[in-house]
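# Coordinate inspection notes
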Amino acid sequence: DATITIQADENMTLSKREGIINVNIADKSFVVYVVQDCKYLNLSSSAFTFEAEKSTTIVSLASNTQWSAEVTEGREWLSISPTTGRENSDLAIIVMENNTASARHGKVEVTSPGVHTYVIDVTQNHKYIKSDMSSVDFTQTGGQITFNVTTNGMYEISKVGTWFGYTKNGNAITVVAPENMTGCERSGALILKLTGIDGGSYSVMVPIRQNTKKNAE
């Protein structure tokens, strides 16, 4: 019996490499095929979109070499962990709460020297508020109409006009209007304003209108 030890230098290239060893023993010949992997680095995804809340997601790195990661845009709200690693790893991408009315964008670079550099695009959505009705329109006889608010923040309601009222049940807003006896069309609005927004304000106006008897006919 005999043992053959095969040694290979580190493959510093980006390509697999192959070799053949011919073994001759007495009247027999053998061929040994040798294959060596190249260095590689691959990511499970290179783009992420987060909602406005604080959140974390995981990027899976498939690698057989050393790598490093760095936030190159958005350092004030975007972070990663760890910043270095070797071989297969998980990279956590962490975003702080976006308490503004504007989406924001960041970038993370993942690099393995001499192998590949990836750029991960990170987008985080903003705080928002919207109504499922663009306006609330009453006939001259009045009544009540309910619309629904969708939001990912806290908000306050202000009223423009004294001729109508409203009640709030969760995010359902019910507007109540009495009969219009004035002979004139009347209008007002509810203003839905997000509270606690950093660096500005964001609001939605829902017009409230009521016809006269003549317009209703």
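Residues numbered from 1 in each chain as written. Predicted model: local features only at pLDDT ≥ 70, side-chain atom pairs only at ≥ 80, totals over all residues. Heavy atoms only, no water.

A separate point is the overall build of the chain. Helix and strand counts for the chain stand at 1 helix and 19 strands. In terms of overall size, the chain is more extended than a compact globule, its C-alpha atoms giving a radius of gyration of 33 Å where 217 residues would be expected to give roughly 17 Å. Viewed in the frame of its principal axes, the chain has a C-alpha envelope of about 115 × 35 × 25 Å. Counting over 217 residues, the chain shows a buried share of 35%. Put simply, of all contacts in the chain between residues at least 6 apart along the chain, 59% involve residues at least 24 apart. For the chain, the accessible area works out to roughly 13200 Å², and carbon and sulfur atoms hold 48% of it. (Helix = DSSP H or I, 4+ residues; strand = E, 2+ residues; numbered from the N terminus. Rg over C-alpha atoms; globule rule 2.2 N^0.38 Å. Buried < 20%, exposed > 50% of the residue type's maximum accessible area, 1.4 Å probe, protein only. Contact = heavy atoms within 4.5 Å. Areas by Shrake-Rupley, 256 points an atom, 1.4 Å probe, with all protein chains shown as cover.)

Attention shifts here to the pairing of strand 11 (residues 116-124). In the sheet, strand 4 (residues 47-50) pairs with strand 11 via 4 bridges, with the strands oriented parallel. Note on strand 11: the bridge partner recorded for Thr49 is Thr123. Between strand 10 (residues 104-112) and strand 11, which follow one another and run antiparallel, lie 3 residues, and Gly114 among them has a positive phi close to 75°. (Pairing = 2+ DSSP bridges.)

Our focus in this paragraph is the packing of aromatic side chains. The geometry of an aromatic ring pair is captured by two quantities: the separation of the ring centres and the angle between the planes. Across all of its chains, the model carries 1 aromatic pair by this definition. Relative to Phe164, the ring of Trp163 lies with its centre 5.0 Å away and its plane at 65°, an arrangement referred to as edge-to-face. Across the pair, Phe164 and Trp163 agree in class, each one buried. Its guanidinium or amino end placed over the ring of Phe164, Lys159 lies 5.0 Å from that ring's centre, counting from NZ or CZ. (Phe/Tyr/Trp six-rings, centres within 6.5 Å; stacked < 30°, edge-to-face > 60°. Lys NZ or Arg CZ within 6 Å of the ring centre and 35° of its normal.)

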